[in-house]
Structures are given as C-alpha cells and as structure tokens.
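Analysis of the macromolecular model
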Amino acid sequence: LDTGKSVVALNENGATFADGSGWPVYVLRNTDGSISLGCDETAYDPALITGKLVLTARGTCARVARAVFGQKHGAAAVAMINNAAGYPPFDGKITGNPDPGGEMFDVTIPFFGLRGPTTPATDGNDLAAAANAAATNITINNPGFQTLASFTSNGPRGGDSSLKPDVTAPGVSVLSTGVGTGNKGAVMSGTSMAAPHVTGVAALTRQAHSTWSVAEIKAAIMNTADPGKVAGYQTSRAGTGLVQPLGSTTTSATALGDPYAGSLSFGFAEIGTAGFNQTKNVTISNHGATPLTFTTSTTQNAPFTRAHTATPSAASVTVSAGGSATLGLTLSLTASQAGDSAAFREVAGLLTLTPAAGTNGGVVLRVPYYLVPRALSNLDTTASPPLAKATASNTATVSNAGGAIASSADLFTWGIADADEGFGSNDVRAVGVRRSGATALRFAINTYRRWSAPNVNEFDIYIDVDQNGTVDFIVFTDDFGLVTANAFDGRYASFVFNVATGQLGPTAFLTGTPTDSSTINAPVLLADIGLSAATHPRFDYTVAGFDLFSTGDDNAPSEVGHFNAFTPAMSVTGTPTASIAAGGSATATITVNSTEWDLTPPKGLMVVGIDNAAGPGEAQTISAAP
Ligand SMILES: [Ca+2]
Ligand SMILES: [Ca+2]
Ligand SMILES: [Ca+2]
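Procedures and definitions
All residue numbers refer to positions counted from 1 along the written sequence of the respective chain. Whichever chain is written first becomes A and whichever ligand is written first becomes 1, with later ones labelled in order. Since the coordinates come from a predicted model, pLDDT governs what is reported: local features require at least 70, and pairs of side-chain atoms require 80 or more to be given and counted, while whole-chain, interface and lining totals use all residues. Calculated side-chain values reflect all of the structure's heavy atoms, with hydrogen atoms and water omitted. Strand pairing requires that DSSP identify at least two bridges connecting the strands. Strands here are runs of E lasting at least two residues and helices are runs of H or I lasting at least four, both read from the DSSP assignment and numbered beginning at the N terminus. Crossovers are marked right-handed if the path from the first strand over the helix to the second runs clockwise, as seen with the strands pointing away from the viewer. Disulfides are defined as cysteine sulfur pairs within 2.5 Å. Remark: exposure states derive from per-residue accessible area (1.4 Å probe, protein chains only) relative to the maximum for the residue type, with buried under 20%, exposed over 50%, and partly exposed in between. Sites may look incomplete because water is not among the atoms; the donors themselves are N, O and S atoms within 2.8 Å of the metal, or within 3.2 Å for Na, K and Ca. Site shape is set this way: if four donors have all angles between 85 and 135 degrees, tetrahedral; if opposite donors are over 155 degrees apart and all others between 65 and 115, square planar for four donors and octahedral for six; otherwise irregular.

**Some details on the pairing of strand S4 (residues 77-85)**
Consecutive residues of a regular strand have side chains that alternate between opposite faces of the sheet. For strand S3 (residues 53-57) and S4, the ladder comprises five bridges, and the chain directions are parallel. Following the sheet pairing, Thr 56 is matched in S4 by Met 80. For the crossover from S3 across helix H2 (residues 65-72) to S4, the handedness is right-handed. Pairing between S4 and strand S5 (residues 111-116): five bridges, direction parallel. The partner of Met 80 across the bridge, within S5, is Gly 113.

In structure tokens:
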C-alpha cells in the first residue's frame, strides 16, 4: 500500500495476476461513510471505478456478487472485508452471481478476501486508507481446508432431537455442470453440491455390496466416515464425519443403531435427581466369509459435549461369518452434568469398533451417539391464605423440593387460560404479564408441548390499550432474522406492530427464550404500546400461537386478559428471583388492590419455573377467588 503498510489477502477466485500489479483504490461507501456491502449494482459507477480496485465489506448478498458487479462495470479488481475474524471462504472460479435474479458471468479479475472485521482497524481499514495498492503473489494456507462451511446448519433434528446430520461431504465452491449453460460449468455451494458427493459414494457402495439392504448401505457410509477429516469436528454439525468411499466399499461389516442409520440417538431427556442412565444397542453384521473381531472404545466429542460416561457392553465383539452380534452402549450422566436451560446442551461422542489386525480390510467402524439433556428443577408454589380479592395480603411460598438443580421463579399476573387442543408447541395453555423494571412489561406464554427451538412458532399478543374492543398494538415473538431480513437466523425476538401506523417498533428485544422449552418470554417497552400512568395505565389483551411450518393448527384462545401496568390488582414484593436451591424454598408477598381488581380482574398467579419439566410443568397457575 502507498501508505507503507501491507495486508495479506486471500485470492478468492484464484485469479492470475503479475507480481507488482497495481491499482488505485476506490472504497465503496455508504452515505454515513462506512464501507458498503457492495450489494447494490448501481453503486458500481464506471466513471468512478474503471481500472481500480473496489473495496467492499461482506454481508447480505452472495460474496461473489461484488466481483461480478465490479468487472461488469470496469473495475480491475474487487476486495471484500470478511464480517468475522479471519479470511472469508475460498470461492474458486466465479461463474456468476448465485443470488436470486443473478446472472451467469465469468469473473477474470482478482477478487480479494480480507480478514475481518472492519473495527477495530485491521486489514480492511488499512486498505481503505490507501490511495494505491500493488499485489504480489504469495502462498498462504487455505483457511477453509477441512472446515465446515460457515453457513452449514446444525443438528439435532427438531422435535425428537435425533442426531442429524448423518455425514459430511464437500459443499463449498464446487464446480459442476451448469444447467442452461451449454457446455459450461457452474460453481455453487450448499447441500446442492454436498448431496451429489454422497450420492456418488452410495452408488459405489451399492456396486461393491450389491446384496446389502438400503439400511446397511447407509450404515456403511455413516460407519466409515472420518471425523478426523473435519477440523473442529462437532457431532451435531458433521455426523460421523467426512464420507470415505474407500471405507464404505471395502468394509465387510456394518453397525446399525437407530432405524435405518448407523448412529445411536438418545433423543431429548429431562434429568432429575436419579440422573440419566440408558442403554441402546448396535447390531453389527458381518457380510463376509470369515469371522470378524472388533475391539470397542468410545471418544467424547470435546469441547462440545457435556460431561458423561459412555460404556460399551463388551471390550470386544466377535461376529461370525454371515452373522450378526449385538453390542450395547450405556450413556450416563447426572443432572448437574446435564446443565440448566440457560443454554442449549448436548451430549455427544463416537463408539468406535476397531477390527483385529488384518481383518475387515483394516476399516474402522464408528457409531456416533447423541443426547440433548436438560436438568430439572421442581418448583411448586402455594399461596396462603388462598388468593382472593378479599385478602389484602398473601404469602406465596415457592419450593424446589425434589428438584435436581437450583432455579429461579418468575411470578406473573395470570390473565388467560386455554385448553389443550392437541396442536404442536404453539398450543397455548396460560398467559401472564408483569412489570419489568421502570419502563417495560414482560409477557409469559406457556404452551402444552416442548419445542426444540422456539423459532418454529410465532406468538401474537393483541393489545387493546384504550379498552374499546379494537386492537391497537400487536406484541409478537418470532425469529429475528425472519422479521428483519426475511431469513431465519436462529435468534428469537419480541417485536411491536403498531396497528394505526402499520409500522414495527421502535424497539425489539432478543427474548432469551430457551431451546427445548415451552414458555415464551416476551418483553416490551411500556411506551411502545402506548401505556402511561396518566392516560392509559390499563389494557386488555388476547393471544394467538402459530406454527410457522404447518397450517390448520393456529391456536387463538378466546379469553381476554386485563392488567394495570402501574397499579396492578396484585402487587408482588420479595419476588424470589434469586436462585432457589435444590431442596430449598423462598417466599413472596402478594398485596391485593381490591379497587383495581374490579377494573382488571386477574385469573390468579402464574409462576414460571423454566427449568421445571417442559409443558404445563413450567408454568404453575394458582386461581384466585373473585
Ligand atoms: Ca390451547
Ligand atoms: Ca383499542
Ligand atoms: Ca424446562
């Protein structure tokens, strides 16, 4: 750089250029001066960029779209600053813009990837500060070698928490035949490219083992995949590992665990004081003509797994020619090893069957095992005297007797109850609301069934702030990325929709709603739904739950909740928000305002204990007498 600094960039598309090639630097900027993502083709103005190196930042559109736009409009080179630490992935030959509406276009100019992020100042800012840059070819390690794609999804399977994916295959910047290109190829990424690799492995495996069942072919592919060929191997992101056709075609044996799969899925388990202790069996089949003996071992998938023990039922197993043998694997852990609902938890590892020297062609068989655990509290609340409009003060005692872990309780004014209609994890059971500090409210929506991730559902809370029977605001919870960028990003958030203006916001919250749970946490600012002590302290509300992935099972309870956000009918003091130890208890005082009770009658108290058993167990409802 003419500033005297130098940066090391990744030659994203493997373009050729002579050592010492130099270009004026043109930084594509947003109106606020920040470096642009470069996703708007109209920003590539030939009058400004011709013959120059155009600098952009990664995000939103396909990485290679920048190179297509740049070359089309005269740039001599394009650079992109990664949106995370390190280099962006290597792209290989760029044959077009894969975004919707994108075109086929062979890029020949260099497309450079710079280590991110943009702040604090790093390579990207150094390049942005230069007027001219010259490039020299050097060799660096491929930053994506044997790593999982940055965009790859994570298991387990939603609902039953079975282990997925089964295996890993190449899927980043793969050149294949391009439909509609005549005799040209196209470079693409994703399962569209990884699945054909596995299909090829399956065809070879079928050719080698023409009499094996479909399940055995699949097991052979899973059993012989190599976790050592995936950097940072994680069972729930890579399955058994990278497919190895040499192994799947030469093994004489298969190891089947789950139906039609060479894995052992223990599913989801809530773990109480007795801990978790379960055995599942693997069926090892010898399809060859000589007996096979395997020694057994297990490897825990550190650092991703929770601590546990995994014990094979035998140190070795011998399978007769043409026969099969059963091997058990016992998985054990305590509640404290499982961990609470503050994060997603997983127990994972590999059962390895190593053939005796010289047998099975030396091919090792592996069976991944997997469990999603969740330790249980056992919060249980009693109110004394019984909650009623007429009792000025009640004491709520929250006990964690028999709980395996500590948990906090969260006390809400219960406003809505609804039946179990047999829907999915969107089937509303109880809804409550409470103040949250000086400026906010929190709603809690308890459902009858657990979700794996809350993002499969949307919940709407319809707020009638002037109590005239028409909805004024909709507080709703949904995937943050889905609402803000029309693409799921896995974060669950609460938003406000203003019915009068048709606008969102102004404030959204990430809700912290746990995975493998059944109670939604929905914060909202008082001001965002028009509440104020002077004009609108009270509101009415109804609720609805929607499963985003199916139809005909929307749940819209008929009951209407009422609440005064400033002078509630029931005030809770001494809320046991502090942790209640396993076996311990805490108390809160509930003070009744009988005048307000007539205006916003509560159904009673709703005590949320998120570490209790999923479903009704997470939200105890205590009825109040009118
Ligand atoms: Ca319901
Ligand atoms: Ca209204
Ligand atoms: Ca729970």
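Now that the structure has been shown, the text picks up again.
**Notes on the state of the cysteines**
Here the structure, examined in full by the defined rule, presents one disulfide. Linked covalently through their sulfurs, Cys 39 and Cys 61 form a disulfide whose S-S length is 2.1 Å. Judged by the sign of its S-S torsion, about -80°, the cystine formed by Cys 39 and Cys 61 is left-handed. Within this pair, whereas Cys 39 is found in the loop between strand S2 (21-27) and helix H1 (46-49), its partner Cys 61 is found in the loop between S3 and H2, the two being separated by 22 residues in sequence. Among the residues examined, Cys 39 registers a relative accessible area of 27% and is labelled partly exposed. Take Cys 61: its relative accessible area is 13%, and that puts it in the buried class.

**A few points about the coordination of the calcium ion (ligand 1)**
All of the protein donors around the calcium ion (ligand 1) are Asp 418 (OD), Ala 419 (O), Glu 421 (OE), Asp 427 (OD), Val 428 (O) and Asn 555 (OD1); their distances to the metal are 2.2 to 2.5 Å. Seen from the calcium ion (ligand 1), its six donor atoms lie at angles of 70 to 167°, and the figure they make is octahedral. All donors of the calcium ion (ligand 1) belong to a single chain; written as a sequence motif, their spacing is D-A-x1-E-x5-D-V-x126-N.

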